[in-house]
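Tertiary structure, described
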Amino acid sequence: MRKQDGPGLWWQFLEFMGMTWPGHKQRAAPEAAPRCSACGNPAERDPDTGAWRCPVHTTAELLPTP
């Protein structure tokens with residue numbers, strides 16, 4: 001019997017019923033960005049430090065995410 005490249009009929013049926021292929025899990029939801037206390041816009045990640053900051057008000061305090 002030759003080797004199959006992908007899932008067989010059994011796994012195709014299980015995927016049809018709502019199961020996922022092993023190793024294919026849902027990705028985590030992206031983290032919600034905090035808002036700037038000065039303008040209310042969502043903050044962005046600083047590419048150098050990885051910390052949250054407002055692109056307009058770099059020294060403003062950030063409000064916690066709800």
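Now for a description of the structure that goes with this document. (Residues numbered from 1 in each chain as written. Predicted model: local features only at pLDDT ≥ 70, side-chain atom pairs only at ≥ 80, totals over all residues. Heavy atoms only, no water.)

Points about the overall build of the protein chain
Quick reminder of the rule: Where helices and strands are cited, they refer to DSSP runs of H or I of at least four residues and of E of at least two residues respectively, numbered from the N terminus. Three labels apply to residues, based on accessible area from a 1.4 Å probe with only protein chains included: buried if under 20% of the type maximum, exposed if over 50%, partly exposed otherwise in between. By definition in these notes, contact holds between two residues if any of their heavy atoms fall within 4.5 Å.
In terms of regular secondary structure, the protein chain is built from one helix and four strands. Counting helices and strands in the order they occur from the N terminus, the protein chain gives α-β-β-β-β. Evaluated residue by residue, the protein chain yields a buried proportion of 9% over its 66 residues. Of the contacts made within the protein chain by residues no fewer than 6 positions apart, 26% connect residues no fewer than 24 positions apart.

Remarks on the pattern of salt bridges
Inclusion rule: By definition here, a salt bridge exists when the distance from a side-chain nitrogen of Lys or Arg to a carboxyl oxygen of Asp or Glu is within 4 Å.
A complete count under the given rule lists two salt bridges for this structure. Between R53 and D46 there is a salt bridge, and its shortest N-O distance comes to 3.8 Å. Note on R53: relative accessible area 30%, which makes it partly exposed.

Quick look at the side chain of D46
The condition that has to hold: Polar contacts, as used here, are pairs of N or O atoms within 3.5 Å; protein pairs need one atom able to donate a hydrogen and one able to accept it. Residues neighboring in sequence count only if both atoms are side-chain atoms.
By the element assignment, D46 lies in the loop between β2 (44-45) and β3 (52-53). Given a relative accessible area of 18%, D46 falls into the buried group. Among the polar contacts listed, one links the side chain of D46 to the side chain of T49, at a separation of 3.1 Å.

Things to note about the state of the cysteines
Heads up, the condition is: Cysteine sulfur atoms that come within 2.5 Å of each other are treated as a disulfide pair.
One pass over the full model with this rule turns up zero disulfides. Left without a disulfide partner, C36 is nearest to the cysteine sulfur of C54, which lies 3.7 Å away. Judged by its relative accessible area of 1%, C36 is buried. With relative accessibility at 1%, the residue C54 sits in the buried group.

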